[in-house]
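# Summary of structural features
Each chain is listed here by its residues.
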Amino acid sequence: MTLADAASYLRPMALLPIITAPDPRLAQKSAPVATVTDELRKLMDDMLETMYAAPGIGLAAIQVGVPQRIIVMDLAREDEEKQPRFFINPEIVWASDEVAIYEEGCLSVPEIYDEVERPARVRVKFLGYDGKEQEIEADGLLATCLQHEMDHLNGVLFIDHFSKLKRDMILRKLVKARRRAAS
Ligand code: NI
């Protein structure tokens, strides 16, 4: 182990601030990652730590203000061992016609939970933590969570799946709650 290795090993993980709607950055499209570097892995470690602390089960890089196509996730239950997952440049290569409805929430849309309909199964191609290409077929919560997080990479929030009326109502509520918190 070199001194530089030791320094990076000892560097504590950092909690990153999570941005919330209606922050315009959440509507921007994230750019593909060119190379999976150690710096990028450090960002993913920090994102994972931030997600665990929130607590949440998925987080896209744009939610901490980084417009790159990166997702971290852990769907393990509290009584299970941690199962961190990393998805870089994820792409849906197949989606089922069959749909599933889940109640979704989002760390960038605090305290709002509602049902969203999405394809029940998807096949997703992506780069893993090691930068190697992988493909998985997902169903259940994993399929829903993947699609929710991949929406973030395209500037889409789960509330964008609702009618404009409902979405505007939620956004007004969020702005009001933030004003209350600031005063
Ligand atoms: Ni979200």
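Thresholds, definitions, all that
- Residues numbered from 1 in each chain as written.
- Predicted model: local features only at pLDDT ≥ 70, side-chain atom pairs only at ≥ 80, totals over all residues.
- Heavy atoms only, no water.
- 1 Å grid on protein atoms, 1.4 Å probe; cavity = no way out; pocket = protein on both sides within 12 Å on 5 of 7 lines; lining within 4 Å.
- Points joined across faces, edges and corners; volume = space filled by probe spheres on them.
- Helix = DSSP H or I, 4+ residues; strand = E, 2+ residues; numbered from the N terminus.
- Nonpolar A, V, L, I, M, F, W, Y, C, P; charged D, E, K, R; others polar.
- Phe/Tyr/Trp six-rings, centres within 6.5 Å; stacked < 30°, edge-to-face > 60°.
- Lys NZ or Arg CZ within 6 Å of the ring centre and 35° of its normal.
- Donors = N, O, S within 2.8 Å, 3.2 Å for Na, K, Ca; no water.
- Buried < 20%, exposed > 50% of the residue type's maximum accessible area, 1.4 Å probe, protein only.
- Expected span 1.5 Å × (residues − 1).

With that settled, the discussion passes to the layout of surface pockets. The computed volume of the largest pocket comes to approximately 470 Å³. Along the wall of the largest pocket there are 20 residues; nearest its centre are Ile57, Glu104, Gly105, Cys106 and Tyr113. Looking at the lining of the largest pocket, the elements that each hand over two or more residues are β4 (99-106), β5 (109-119) and α3 (140-153). Split into classes, the residues belonging to the lining of the largest pocket amount to 10 nonpolar, 6 polar and 4 charged.

Turning next to the packing of aromatic side chains. In total, this model carries 3 aromatic pairs according to the counting rule given. With 4.6 Å between their ring centres and 50° between their planes, Phe86 and Tyr129 make a pair best called tilted. Residue Phe86 is found in strand β3 (residues 85-95), and its partner Tyr129 is found in the loop between β6 (122-127) and β7 (133-138); the two are separated by 43 residues along the sequence. The ring of Tyr129 has Arg41 lying over it, and the distance from NZ or CZ to the ring centre is 5.9 Å.

Around the nickel ion, the protein contributes the donor atoms Cys106 (SG), His148 (NE2) and His152 (NE2), at 2.1 to 2.2 Å from the metal centre. We note that the donor set of the nickel ion lies within a single chain, spaced as C-x41-H-x3-H. Of the two residues, Cys106 sits in strand β4 while His148 sits in helix α3, which places them 42 residues apart along the sequence. For Cys106, a relative accessible area of 10% translates into the label buried. We classify His148 as buried; its relative accessible area is 5%.

In this section: the environment of Gln134. By the secondary structure assignment, Gln134 is in strand β7. Accessibility expressed as a relative area gives 34% for Gln134, which makes it partly exposed. Once the C-alpha coordinates of Gln134 and Phe158 are considered, the two residues, 24 residues apart in sequence, prove to be 26 Å apart.

Moving on: α3. Counting along an α-helix, one turn takes 3.6 residues, and residues three or four places apart therefore face a common direction. End to end, α3 covers 21 Å across 14 residues, agreeing with the expected 20 Å (1.5 Å per residue, within 8%). When you tally the buried positions in α3, you get 12 out of 14 residues, the bulk of the element. Among the residues of α3, those classed as buried are Leu142, Ala143, Thr144, Cys145, Leu146, Gln147, His148, Glu149, Met150, Asp151, His152 and Leu153. Of the residues one or two after α3, Gly155 is the one with positive phi, at around 75°.

A few words on helix α2 (residues 38-53). The first and last C-alpha atoms of α2 sit 22 Å apart over 16 residues, in line with the 22 Å expected at 1.5 Å per residue. Turning to α2, its buried residues number three or more, namely Leu40, Arg41, Leu43, Met44, Asp46, Met47, Leu48, Thr50 and Met51.

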